[in-house]
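# Inside the fold
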Amino acid sequence: MNVQRSPFLSGHAVEESWRWVALILFSAYFAIGLASYADYGMSTDEVIQRHHGLVSLKYILSLLNIDATGAFAYMERIPDLATYPHRSYGVVFHLPLLLIEHFIRDRVPMNVLWQVRHLYTFCWFFVGAIYFYRLARFWFSSPVAMVATLLLVTSPRIYADSFYNVKDTTFLAFFNIALYYGVSFMKRDDHVGALKFALSVAVMLNVRFFGLFLPAFVGGLMLIQVFRQPLVQWLSAAKPLLTLTASCVIFTWMIWPAAWAHPLKFFTDTFIISTNYDRFTGFVPYMGVRHRGSELPWHYIPHWILISTPLHHLLLLAISLVGLPWIWKSTRVTTMRMPTVLLLMVLLVPPALAILFKSTLNINWRHFYFLQAPLALLAPLSLQFLLEERIGDVRLAAVKTAGMIVLLASTLGGVVYQVGWLYRNHPHQQVFFNRLGIDRAQTDFQLDGWNLSARHGIEYIASIDSRSPIYVNSIRVEAQLFLVDDDIRNRLRFSRYPENADYIVDTNHWSRTHPPATGKWEDVYQLRVDGVVIMRIWKKVAEATP
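Residues numbered from 1 in each chain as written. Predicted model: local features only at pLDDT ≥ 70, side-chain atom pairs only at ≥ 80, totals over all residues. Heavy atoms only, no water.

Turning our eyes to something else, we now look at the overall build of the protein. Of the regular secondary structure elements, the protein holds 23 helices and seven strands. Taking 546 residues into account, the globule formula puts the C-alpha radius of gyration at 24 Å, and the protein, at 26 Å, falls close to it. Here the protein, with 546 residues, has 52% of them falling under the buried criterion. For the protein, the share of sequence-separated contacts (at least 6 apart) that also reach a separation of at least 24 residues comes to 74%. If you sum the accessible surface of the protein, you get close to 25800 Å²; carbon and sulfur atoms cover 64% of it. (Helix = DSSP H or I, 4+ residues; strand = E, 2+ residues; numbered from the N terminus. Rg over C-alpha atoms; globule rule 2.2 N^0.38 Å. Buried < 20%, exposed > 50% of the residue type's maximum accessible area, 1.4 Å probe, protein only. Contact = heavy atoms within 4.5 Å. Areas by Shrake-Rupley, 256 points an atom, 1.4 Å probe, with all protein chains shown as cover.)

Looking now at unusual backbone geometry. The omega torsion of the bond from H426 to P427 falls at 0 degrees, within 30 degrees of zero and hence cis. Relative to the helices and strands, P427 resides in the loop between helix 19 (394-424) and helix 20 (441-444). The amide bond that connects S468 to the next residue, P469, takes the cis arrangement and shows omega of 0 degrees. Positionally, P469 belongs in the loop between helix 21 (454-464) and strand 3 (470-474). Of note in the backbone geometry, D530 takes a positive phi value of approximately 55 degrees without being a glycine. Tracing the sequence through the fold places D530 in the loop between strand 6 (521-529) and strand 7 (532-540). With a relative accessible area of 28%, D530 lands in the partly exposed category.

Following the criterion strictly, the structure yields 16 salt bridges and no others. A salt bridge links R366 to D45, with the nearest nitrogen and oxygen atoms 3.7 Å apart. In this pair, R366 sits in the loop between helix 16 (337-356) and helix 17 (372-378) while D45 sits in helix 2 (residues 44-63), placing the two residues 321 residues apart along the sequence. By relative accessible area, which is 8% here, D45 ends up buried. Across the pair R467 and D465 runs a salt bridge whose closest N-O atoms are separated by 2.7 Å. Residue classification places R467 among the partly exposed residues on the basis of a relative accessible area of 41%. What you see here is one network of salt bridges that share partners, running through D45, K167, D168, R208 and R366. (Salt bridge = Lys/Arg side-chain N within 4 Å of Asp/Glu carboxyl O.)

Let us look at the pairing of strand 3. Where burial is concerned, most of strand 3 is hidden: four out of the five residues are buried. Of the strand pairs in this sheet, strand 3 and strand 4 (residues 492-494) are connected by three bridges, and their pairing is parallel. Paired with V472 across the strands is F494, a residue of strand 4. Where strand 3 meets strand 5 (residues 503-506), three bridges bridge the pair, whose relative direction is parallel. Bridge pairing in strand 5 places N473 opposite I504. (Pairing = 2+ DSSP bridges.)

Reading across the sheet, the five strands line up as 4-3-5-7-6 and stay open at both edges, with mixed pairing between neighbours. Strand pairing shows two members of the sheet lacking a second neighbour, strand 4 and strand 6, which therefore form its edges. Adjacent strand axes in the sheet meet at a mean angle of 25 degrees when their direction is disregarded. Most of the contacts of helix 21 go to strand 5, to which it runs at about 150 degrees, and overall it touches strand 3, strand 4, strand 5, strand 6 and strand 7. (Axes fitted to C-alpha atoms, helices over the stretch in contact; angles between N-to-C directions.)

Here we come to helix 13 (residues 311-322). In an α-helix, one turn spans 3.6 residues, which is why side chains three or four residues apart end up on the same side. In a regular helix each residue adds 1.5 Å, so twelve residues correspond to 16 Å; helix 13 covers 16 Å between its end C-alpha atoms and thus fits that length. Those residues of helix 13 that fall on the buried side of the exposure criterion are H312, H313, L314, L316, L317 and S320. (Expected span 1.5 Å × (residues − 1).)

This brings us to the nonpolar core. Ranked by internal contacts, the top residues of the largest apolar core, which has 155 residues, are F175, L179, L214 and L342. Among the elements that take part in this core, helix 7 (residues 168-187) stands out by supplying 13 residues, more than any other. Apart from the residues within four sequence positions on either side, L342 is in contact with L179, V183, M186, L214, F217, V218 and L221. (Core = buried A, V, L, I, M, F, W, Y, C linked by side-chain atoms within 4.5 Å.)

Turning our attention to the packing of aromatic side chains. For the coordinates displayed, the defined rule picks out 44 aromatic pairs. Aromatic side chains F209 and W256 sit 5.7 Å apart centroid to centroid with 70 degrees between the ring planes, which places their arrangement in the edge-to-face category. On the criterion of sequence distance, the pair formed by F209 in the loop between helix 8 (191-207) and helix 9 (213-227) and W256 in the loop between helix 10 (234-254) and helix 11 (263-275) is long-range, its members being 47 residues apart. Owing to a relative accessible area of 9%, F209 belongs among the buried residues under this scheme. The buried category is assigned to W256, whose relative accessible area is 1%. Feature note: the residues F26, Y29, F30, Y40, F122, F126, Y133, Y159, F163, Y164 and W450 constitute an aromatic cluster, connected by ring pairs. One residue, R157, lies across the ring of F433, its end atom 4.9 Å from the ring centre. (Phe/Tyr/Trp six-rings, centres within 6.5 Å; stacked < 30°, edge-to-face > 60°. Lys NZ or Arg CZ within 6 Å of the ring centre and 35° of its normal.)

Keep in mind these numbers describe shape, not what the thing actually does.
In structure tokens, the structure reads:
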């Protein structure tokens, strides 16, 4: 008997086709990263976190009875872990990189060593993006899951920071991995799932310890499920949670060298420090006013999210949140209600606690970049709802279809526009503002807080001035000199005092006003992103001799 073939692909065939689309898009994303990782400046944390890692590496070598005199002779200048004031920082992310550096440090130039660190950081974020896509598949079909992933990786500040931000976007990467295993554990609470989630949590906590809220939220929601069962089943139902708790403690202790000697005191102190980093006593420009990092207005975090997240993402998110009462009843979300509650808790509770306890913040909202995960997962809920919801009424079905087409077109159009923006403003995507904030960016908000564009500035100076030496003054320009070629580094010298410099590379401070009053200065270069000046170069003008 001849069976008429359907003109449409089966559901399985659609998924198979989208696996290839996902593979192509992720391959393109990785290729772009490989082509651009060496272009970015250096964040302040990279030098600092490397030093933290060296302190722990020295401690591990001492436990292994490896004397720091031969191949590791440079460790002699590193302080001891027992008396090190910053031992609360985790180093599991940095130790493999330090070992790579150890074996290649005598074979490659200094700038290549630091560029390799950017590649390493990007590779981990890329792994986190893959896990994010797998996480999105719990809620969405393959096409919508890819839309969610594109929302994450094309967010300009996240994209730029994924190369050099070794704390915040690295935490986001490991948070995505932990969230994936956490949701997996919620869907199937067995001991193997508990161990996988515990290990991912331990690594995540090693990057930022305040991530403790994630296993607390997962455990709390699952405990509610346990208590809904008959009393006689409580113990057996809670066994995976006991496995999770015990293994989280053990794994976190195992991969944290500073905790090996006195774990209880160490983790207590680390929790206090991580929830409110009061060691930062500087000022943060916000809304045209300089605030102490511990005295920022309550709206600091939500306002920054509003002005630095692409508008198409905000629009899709707003529609999904407004439509959540209807989306909540859909078939796909019905099976994911507890994980969806988890996303809402992650999105709302940590920033609410930071506002309530007036946590110390600095450099925009980078401490809360992990919120990009729930922001990108909640936004496409409306899109998935419109794609799969069946409506009997012909007119309502036509309205639904039109709404779906408009929403999908605006979202994909926004993603395409954002990719073009990333290309046009490479490698300075870290200062992105959407249309809600761009008009006030120059005067009201912090711009290049890590002075990353100083690298571009010193390379420009070297290209227009052939003298040697050239004295340059800039905020932390020494770190940017690590990334440039030997020829530039040998010709340029750091000048502590601007009046003694030939040039001032002005990244985020004087650019809003004027250079020092001492001497005569000429504005010779301005770097603009979307019309906003993020870096100026001032050249000292020699006064004519009589």
